[in-house]
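These are the residues of each chain, in order.
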Amino acid sequence: MEQETKSPVIDWKANYDVVVLGFGGAGATAARFAADNGAKVLIVDVAPYGHEGGNTRYSAQLLGTGTDYDKLKEYYHGLTHPMDLPEDMVETYVRGMCNMREYVKKYLGVEPVSFINDFSKIPKEYRAEVAQEYPELKGHEAHDYTLVHNGWFDAALWKLLRQKILDRKDKIDVWYEARASHLIQDPVSKVIKGVQIEKLGQKINVLARRGVILTTGGFENNKEMIQNYLAAPKLVPLGTIYNKGDGISMAQEVGAKMWHMYNYESLGLLHGLSFDTPEGERSKLVLGWPELNHGSVFMVVDDGRRYFKEAGPNRHGHIFDHGIWRVPRSHEKPYIIFDQKQYETIEAGQIPYDKFNEKLIKADTLEELAKKTGVDANGLKEQVEMFNRFVEIRLRMLSLLRINI
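Peer 1: Can you help me understand the overall build of the chain in this one?
Peer 2: Of regular secondary structure, the chain possesses 13 helices and 15 strands. Its C-alpha atoms give the chain principal-axis dimensions of roughly 90 × 50 × 45 Å. Within the chain, buried positions represent 39% of all 405 residues. When the accessible surface of the chain is summed, it comes to about 23,700 Å², and 51% of that surface belongs to carbon and sulfur atoms. The average position of the 52 basic charges and that of the 56 acidic charges among the side chains of the chain differ by 3 Å.

Peer 1: Would you mind going over the nonpolar core with me for this structure?
Peer 2: Counting 23 residues, the largest nonpolar core has F23, A31, V41, I43, I165 and I172 as the members making the most contacts within it. Those elements that place two or more of their residues in this core are β2 (18-21), α1 (25-36), β3 (41-44), α4 (100-108) and α7 (156-166). For this core, the element with the most residues is α7, which contributes 5 residues. Core analysis: the next-biggest nonpolar cluster, separate from the first, contains 16 residues, V19, L21, A178 and A180 among them.

Peer 1: Even after reading the chapter, I still don't get the layout of surface pockets, so can you show me in this structure?
Peer 2: Gaps left between atoms show up when a probe the size of a water molecule is rolled over them. In this structure, the second largest pocket spans a volume of roughly 510 Å³. Taken together, 16 residues form the lining of the second largest pocket, with G295, R306, F387, V391 and R394 sitting closest to its centre. Contributing elements (two or more residues each) for the lining of the second largest pocket: β12 (297-300) and α13 (377-404). For the lining of the second largest pocket, the leading source of residues is α13, giving 7 residues.

Analysis parameters
- Residues numbered from 1 in each chain as written.
- Predicted model: local features only at pLDDT ≥ 70, side-chain atom pairs only at ≥ 80, totals over all residues.
- Heavy atoms only, no water.
- Helix = DSSP H or I, 4+ residues; strand = E, 2+ residues; numbered from the N terminus.
- Buried < 20%, exposed > 50% of the residue type's maximum accessible area, 1.4 Å probe, protein only.
- Areas by Shrake-Rupley, 256 points an atom, 1.4 Å probe, with all protein chains shown as cover.
- Lys, Arg positive; Asp, Glu negative; His and termini not counted.
- Charge placed at Lys NZ, Arg CZ, Asp CG, Glu CD.
- Core = buried A, V, L, I, M, F, W, Y, C linked by side-chain atoms within 4.5 Å.
- 1 Å grid on protein atoms, 1.4 Å probe; cavity = no way out; pocket = protein on both sides within 12 Å on 5 of 7 lines; lining within 4 Å.
- Points joined across faces, edges and corners; volume = space filled by probe spheres on them.

Pasting the structure below:
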């Protein structure tokens, strides 16, 4: 006789209508609207007070915006090609983007700013280049960004979203330094009934009568997940240091299916790199530094050889690779190599990274440099010889052009 499965008795220590896991932009938005629809809400975040906000807190504060539904939909199909994406997901995303300015005005209470038409922090001729990152795709002209004021990289959007939570403190509680560890699922109905939260050394079972919302961000601070999903030894975060893939693990426990786990974007030097930073710390975002991709300078990796065109364009870490824009494979030992003359050029310019000289490794010979960096000496020697040979060829060509003129 088959034994009847019964739902276990849970010792609930707290109860709410809705529990939101993660106090970033998505979590703040979800909690705000749940409260406005009569729910008593709990927001849980693993970060301490003053460090919550996820990557919304550290981002450029740009909201993707559409100016034409059909064109933007075509653009997003182009962005995801050749991967499959459910049509209802594309439609929901694009519809929301086309409604973004109305949303900002109605729900955030500010006059929306068009990045392409109104933003004054960068010259107008560059704004479309930033907002319409893939101009070769059909429909790109329908993409813009919205800002909540004429500024960026200043957490202005995050501050507005956080204030909406503070304005509803009678309906929304916030727990800081509280880590959600398990979703509590009824074994019979499979309904998510609540969540287990670790706070002050205790495990607290919290009932969520009307649902648990996962807005816990990515896994950029979880080395195991980075190695499993991205085939990279490690990443250095430019945003929050608290995204460790907790929501992914919890969702998997209750049967969620993962998708597109290999995909990520980066920002920074060359194709989206940042300087090596101790684990558990944020890196400094450095966007433009022309002395590192022009002149007697190139980048090598473990075998001592180059792997991309340093002066070429990148699109949030993606570089052109045989017809497709891809994030290049990560390497253990990426180094920017330059000579004394290039160093003097760098030093004479504006250095946007205050620890630049601390990161330098100097050697009198290529063999010594290879030994100090750990890259392959033969590969580095061949790469320098090849670099110098092409410089000579270029100089000869320029000389011939001058003679012909």
